[in-house]
Amino acid sequence: MTSTAGATERGRGATAVLTGLGAWLPPRRVPNSELCTRMDTSDQWIRERIGIAERRIAEPHVATGDMAVEAGARAMASAGTATVDALVLASNTPDRLCPATAPWVAHRLGLPAVPAFDVMAGCSGFVYGCTVADGLIAAGAARRVLVIGAETMTSLVNPDDRNTAPIFGDGAGAVVLEAGPPHAEGALGPVVWGSDGSLADAIAVPAGGARGRHRRDRAAPEEHFVHMRGNEVFRHAVRRMTAAAREAAARAGWELHEVDRLIAHQANGRITSVVADGLEIPAARVPSNIGEVGNTAAASVPLLLAHAADEGGLKPGHKVLVVAFGSGLAWAATTLVWPAGLAARR
Ligand code: COA
């Protein structure tokens, strides 16, 4: 795989091919009405402005690693395998600041000694993780990779903040990617990805990292929660997702009218609608699960894939355009033709 300014050309190595898909959601549903008891908001506002009716919330003893294990096990069962050569965990909410969560997840999945590491790229982390896996496969460093997106967003969200609490939810999704020919169904297409660190503060947790260590003892409690400039993020999300999706389709050799399903990171229902409109992809081709699960950050894309495979009419042979955007800022888009015989495990 060779890379040029935010895009890849397919090299001569093998390609990552989707062979397994799994998802796990915590059972506890939190409807908008529950949030209305804690903050000045309304069910109607959250439905109309974000598109969410309820979200899933992990119980306090359940962390990102636990959900990653559940989704990872389901993805491996879906692929019919008990082994992988590497594990990539995409998350913004690792179990601890140090060490990475992935080795513990690998241990719990009975994958001793496999290379396992975390990727943090905001809500684009899962697509970044798949791109890294594709690179490992193309380089011959692995033939089968488990990529998991898992989030305990409620660990970063101030439960009383109406700017963030209505938006985010918890959950995990995972895929197995295996070496195969570039034109196989399920093969990942070229990626279009990028970042803009000049807007690092647009979605950020001020305390807890190395940059705040000199004032560790003075950090106010709210500095440990995520802060977001929602309006600004909205505008950049629309612009970057539309451009990246358009370019990924072009690099795959697809006309946009050929796209059967747009799998867009579930940030906000209005963002997805504006992006789909900009790409002129009809709403019937744009599956959505934000209404039931909220914005699950790096878990969003694999959760939506599993939802769409089961309920959204994602069919073998469909041309699928995938796009994500989030903190960093970071974005990524890619393509695949949906493979036959893939049963999502949820
Ligand atoms: N309930 C009720 N009213 C609310 C509210 C809430 N939860 N949050 C904000 N408001 C109010 C504001 O105070 C404002 O009132 P005013 O007009 O009287 O000043 C009004 O609603 C509009 O606020 P605004 O911030 O412009 O709302 P918005 O339509 O942009 O929606 C977000 C806010 C956060 C939902 C939206 O900007 C968003 O989704 N941004 C992207 C977030 C995202 O995707 N983040 C993750 C990256 S992937």
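We now turn to the structure provided with this report.

Calculation criteria
Residues numbered from 1 in each chain as written. Predicted model: local features only at pLDDT ≥ 70, side-chain atom pairs only at ≥ 80, totals over all residues. Heavy atoms only, no water. Helix = DSSP H or I, 4+ residues; strand = E, 2+ residues; numbered from the N terminus. Rg over C-alpha atoms; globule rule 2.2 N^0.38 Å. Contact = heavy atoms within 4.5 Å. Areas by Shrake-Rupley, 256 points an atom, 1.4 Å probe, with all protein chains shown as cover. Near = heavy atom within 4 Å. Polar contact = N/O pair within 3.5 Å; in protein donor to acceptor, adjacent residues only side chain to side chain. Nonpolar A, V, L, I, M, F, W, Y, C, P; charged D, E, K, R; others polar. Buried < 20%, exposed > 50% of the residue type's maximum accessible area, 1.4 Å probe, protein only. Pairing = 2+ DSSP bridges. Salt bridge = Lys/Arg side-chain N within 4 Å of Asp/Glu carboxyl O.

### Observations concerning the overall build of the protein chain
Argument step 1. A tally of helices and strands in the protein chain yields 9 helices and 15 strands.
Argument step 2. Here the protein chain has a C-alpha radius of gyration of 19 Å; the compact-globule value for 346 residues is 20 Å, and the two agree.
Argument step 3. Its C-alpha atoms give the protein chain principal-axis dimensions of roughly 55 × 45 × 35 Å.
Argument step 4. Counting only contacts in the protein chain whose residues sit at least 6 apart along the sequence, the fraction spanning at least 24 positions is 78%.
Argument step 5. Surface exposure of the protein chain reaches about 14700 Å², of which carbon and sulfur atoms provide 51%.

### With respect to unusual backbone geometry
Argument step 1. Between C98 and the following residue, P99, the backbone shows a cis peptide bond with an omega angle of 5 degrees.
Argument step 2. Here P99 is to be found in the loop between β6 (86–90) and α4 (102–108).
Argument step 3. Residues G328 and L329 are joined by a peptide bond in cis, for which omega reads -10 degrees.
Argument step 4. Looking at the element boundaries, L329 is found in the loop between β14 (319–326) and β15 (330–337).
Argument step 5. The phi torsion at A113 lies on the positive side, around 70 degrees, for a residue other than glycine.
Argument step 6. On the secondary structure map, A113 appears in the loop between α4 and β7 (116–119).
Argument step 7. Of note, E280 is a non-glycine position whose phi angle comes to about 55 degrees, a positive value.
Argument step 8. By the secondary structure assignment, E280 is in the loop between α7 (269–279) and α8 (290–293).

### Some thoughts on the site of the ligand
Argument step 1. Taken together, 23 residues form the shell around the ligand, and within it T41, R49, R162, N231 and N268 come nearest.
Argument step 2. A distance of 2.8 Å separates an oxygen atom of the ligand from a polar side-chain atom of R162.
Argument step 3. Here an oxygen atom of the ligand sits 2.7 Å away from a polar atom, N or O, in the side chain of N268.
Argument step 4. Considered on its own, the ligand offers 950 Å² of accessible surface; in the complex 71% of this is hidden by protein.
Argument step 5. For the shell around the ligand, the class distribution of residues is 12 nonpolar, 7 polar and 4 charged.

### Details of the side chain of H318
Argument step 1. Summarising the element assignment, H318 is placed in the loop between α9 (300–311) and β14.
Argument step 2. Classification of H318 as buried rests on a relative accessible area of 14%.
Argument step 3. At 2.9 Å, the side chain of H318 and the backbone nitrogen of K315 are in polar contact.

### Considering the pairing of β15
Argument step 1. The element β15 is extensively covered by neighbouring structure, given that 7 of its 8 residues are classed as buried.
Argument step 2. One ladder, built from 4 bridges, connects strand β10 (residues 192–195) with β15; its direction is antiparallel. In the strand pairing of β15, S195 is matched with A330.
Argument step 3. The pairing of β14 with β15 spans 8 bridges and is classified as antiparallel. If you follow G326 over to β15, its bridge partner there is A330.
Argument step 4. Between β14 and β15, which pair antiparallel one after the other, the connecting turn spans 3 residues, and G328 there sits at a positive phi close to 140 degrees.

### Regarding the pattern of salt bridges
Argument step 1. For the structure on display, the rule yields 12 salt bridges.
Argument step 2. Salt-bridge contacts for E247 lead to R251; the nearest nitrogen and oxygen are separated by 3.4 Å. Of this pair, E247 and R251 both sit in helix α6 (residues 230–251), 4 residues apart, which is roughly one turn of the helix.
Argument step 3. Under the relative-accessibility criterion, E247 is labelled partly exposed at 35%.
Argument step 4. The partly exposed category is assigned to R251, whose relative accessible area is 28%.
Argument step 5. A cluster of three or more residues bridged by salt bridges with shared partners is formed by D310, E311 and R346.

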